[in-house]
Structure formats: structure tokens, C-alpha cells
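Chains, contacts and geometry: an overview
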Amino acid sequence: MNSSYRLAEELLLAADIQVNGKRDWDFQLHDSRVFAQALARGNLGLGESYMDGEWDCDALDQFFFHLLRNKVQTKIKPSRLLFHYLKNRFFNLQSHRRSWQVGEAHYDIGNDFYKKMLDDRMVYTCGYWKNAENLNQAQEAKLELACQKLGLKPGMRVLDIGCGWGSFIRYAAENYGVKCVGITISREQAKLAEEHCAGLPVEVRLVDYRDMNEPFDRIVSLGMFEHVGPKNHREYMQVVKRCLIPEGLFLLHTIGRNVGDTMPDPFIEKYIFPNGELPSMRHISRASEGLFVVEDVHSFGADYDKTLMAWHANFEAAWPEFKDQYGERFYRMWRYYLLSCAGAFRSRDIQLWQWVLSPKGIIGGYECPR
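Residues numbered from 1 in each chain as written. Predicted model: local features only at pLDDT ≥ 70, side-chain atom pairs only at ≥ 80, totals over all residues. Heavy atoms only, no water.

Attention now goes to helix H12 (residues 281-288). Turning to H12, its buried residues are His283, Ile284, Ala287 and Ser288. Considered in projection along H12, the buried side chains sweep an arc of 110 degrees and stay on one side of the axis. In this structure, the buried side of H12 is in contact with helix H10 (233-243), strand S7 (244-257) and strand S9 (350-358). (Buried < 20%, exposed > 50% of the residue type's maximum accessible area, 1.4 Å probe, protein only. Helix = DSSP H or I, 4+ residues; strand = E, 2+ residues; numbered from the N terminus. Arc of directions from axis to C-beta. Contact = heavy atoms within 4.5 Å.)

Neighbouring strands of a sheet are bound in pairs by backbone hydrogen bonds; such pairs are parallel or else antiparallel. Taken in spatial order, the seven strands line up as S5-S4-S3-S6-S7-S9-S8 in an open sheet, and their pairing is mixed. The open sheet has two free edges, formed respectively by strand S5 (202-206) and strand S8 (293-299), since each of these has just one partner strand. In this sheet, neighbouring strand axes are inclined to one another by 15 degrees on average, regardless of whether the strands run parallel or antiparallel. Taken together, the five bridges between strand S3 (residues 157-161) and strand S4 (residues 179-184) define a ladder with parallel strand orientation. The residue bridging arginine 157 from the neighbouring strand is lysine 179, located in S4. H10 contacts S3, strand S6 (216-222), S7 and S9 of the sheet and is inclined by roughly 150 degrees relative to S7. (Pairing = 2+ DSSP bridges. Axes fitted to C-alpha atoms, helices over the stretch in contact; angles between N-to-C directions.)

Another aspect to go through is the nonpolar core. Counting 72 residues, the largest nonpolar core has Phe27, Trp55, Phe63, Met117, Tyr124 and Trp334 as its most contacted members. Looking at this core element by element, the count peaks at twelve residues for helix H14 (residues 328-346). Once you skip the residues sitting within four places of it in the chain, phenylalanine 27 turns out to touch Leu12, Ile17, Gln18, Val19, Asn20, Gly21, Val34, Phe35, Leu46, Trp55, Asp56 and Phe63. With 28 residues, the next largest nonpolar core counts Leu143, Met156, Leu222 and Val356 among its residues. (Core = buried A, V, L, I, M, F, W, Y, C linked by side-chain atoms within 4.5 Å.)

What follows deals with the packing of H10 against H12. Where H10 meets H12, the axes come as close as 8 Å, and the angle between the chain directions of the two elements is 50 degrees. It follows from the interaxial angle that H10 and H12 lie oblique. Of the two elements, H10 crosses H12, and the hand of that crossing is right-handed. Mapping the contact onto sequence places His233, Arg234 and Met237 in H10 and His283, Ile284, Arg286, Ala287 and Ser288 in H12. (Parallel < 35°, antiparallel > 145°, perpendicular 65-115°, else oblique. Left-handed = near helix turned anticlockwise from the far one by under 90°.)

Enumeration according to the criterion identifies 20 salt bridges in this entry. The partner of arginine 33 in a salt bridge is aspartate 31, and the shortest N-O contact between them spans 2.7 Å. On the basis of relative accessibility, which here comes to 54%, the residue arginine 33 falls in the exposed class. By relative accessible area, aspartate 31 is classed as buried at 15%. For aspartate 112, the salt bridge goes to lysine 115, with nearest N and O atoms at 4.0 Å. Remark: lysine 115 and aspartate 112 occur in helix H6 (residues 111-117); sequence separation between them is three residues, near one turn of the helix. We classify aspartate 112 as exposed; its relative accessible area is 52%. The exposure class assigned to lysine 115 is partly exposed, which follows from its relative accessible area of 40%. Taken together, the shared-partner salt bridges connect Arg157, Glu203, Arg205 and Glu214 into one network. (Salt bridge = Lys/Arg side-chain N within 4 Å of Asp/Glu carboxyl O.)

Structural data, given as C-alpha cells:
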């Protein structure tokens, strides 16, 4: 038994995880090199070794819940991720030129695949489960909540930054009589969003947010801010400010981390969302300072656990249709992504926030629906 094995076993036991144990969340080791890779490269080493079949776990979501709830990751200093850290600290990985990479790498992998994994409206952000019993209800409740927080009225002009497959703009146009512009950097999303919104007062544009400069009554962004990056947070808020009328409202829906200026997850950045980086509360408040008044902040990150587990159930059910197209390594990568993120939200290691901002502040105060 080498030193890597002993240290890893000790860290896992502290999180109530046994090596080759019998519980669903226990770690089933197939290759002794796994621990050296995980200690040297953190979640990147752990994730790649899982993709290669070098270890297994019956319940990855529970495994990561135990791991993160006990903050095992804080006890590891991956020696081979220094370049990853420096790259993210000193280079603008989310520049205008690079912003299209995540669309090509993640969102363009296949609309048919996402149709099977997501709800009927194809909402690829956290659902709102307060009174919901299933994924469709949770996603419709989230869209309705966003519309109510924005106080939409017929005839308003609404911008959706990162419109995905058109779920919000379609819902808002159908139910609130507003005119919408949705922007995305994914060609596949733009194509399907146009089909979903046919016949509605909706325009879908394939454009970077930095290129927008026209007035809107309301602006919404659901799950796009994670792709902006700290070096662009201020510019993003400036773009929103120049496009929002003085009496308007902006709703920002984003995943967030508890501590700012830490290293982005290397596995998620390499395999799932290239150049992505989660903001902290401090990132958002600093970026909006002097531009907006914060009217409301709503935290419901625990709902993302339920959303991810629902996506995973859909993914597993549909996988036989896609296994020949994507292959076993993709299957294990995607399973690792969905379930590790579910465990992260369950442990409260990462959060989901909805911020409501106004350029001048609402006279008499803002009343937030829940």
C-alpha cells in the first residue's frame, strides 16, 4: 500500500466513504493509480479516471455529497494544476473571440440529445420545485417566477441574454404578450429556438452579448453568467445598463460559489463548459456597483439537486438511443458531470441565485414574488 493510497483512504474515511465498501456511495477501486491521479490533479484526475473505468460508484451523487459536505477538497493541493490556476487568473478565457467555444463544445452536440434529457420546454437551468412534483412543473414554475419578478406587461420589449432553445422568450411572449429578443452563441440552439418561437413576436439572434446596444424594458439572463468570466463581469453589467431603460428591471439567474477567486473546477472546464467560471456574491456585487441597485437576491440552490437528478434519470432512460453515436466514455463523462453537480448542490458547496437589479432603484421599494 503506497502513500497515495493511504492518504486517499484516510480522506475518504473522514467523509464516511469506504474503499471497496458495500454502501451505494462507497468507492469501488479497479486501478491503484486512481488515487495518485486524484491527489495530483484534483477533480480532473478523479473524473478522467472514472471516464476510463478505473473506479466506480453506485451512487455518484451521494459520493460527492459526502466528499464535499466534509470539505475533503480543501485538504488536497493538486500539484499538477498550477498552470490551470495561472491560466484562469491571468488570461481572459471568455474574450469575444473565445466566447463561441462553449457553444460549439457543449450546446451544439445535438438538439435531439437535449430534447430527451430536458423537460418539454427544453429549459437547461435550475427548476423551481417549491410546489412542483415533476421536472415539467418545476421548469414552468421557474419561468413564471422570472416573469413575475420582472413585472412583465403586454407590449414590453424583453431581452434574453443566453436564450438557449427559446424556453423563456416563448413562455413570456405566449403568456404575457411581450416582444422578445433572444441571443445565443450556439448555432444549434438558435436554429431550434426559431422553430419553437415561430409565429410569436420573438427574434432570435446568433450574437455575443457585447454586441448589443438597443433599448429594452426588461432584461433576463438564465444560466449564462457562468460563461462570462470575472475579467468580463463589469463589461457585462455595462452592456446590460446601456440596453435597459432607466425604469427597467434586470433578472440575473446564475450558479454561484461560496468563495471568490478560487480555481474553477478543472474537470468541468475541460470536458463540459470550456472557459466557464462560477461567480461569487462579491463578483456580482462589485460588477454591478454604481450601475444598479440590488432589489432582491433569492437563493434556491437545493432545487438544482432535484433538477440534475431529473435530468440524469432522463439521460439514463434515453441512453440506449445514443450510445452508438456518443460512446461509453461520453456516457461516463456525462454521468459524472450530472451526478457530481447534484452532489455539489446537495452539499451546498455551490449555489443558485436570482438577482433582481434596477438602474435607479424602485420608488417605494420592490416587492418580490415567491
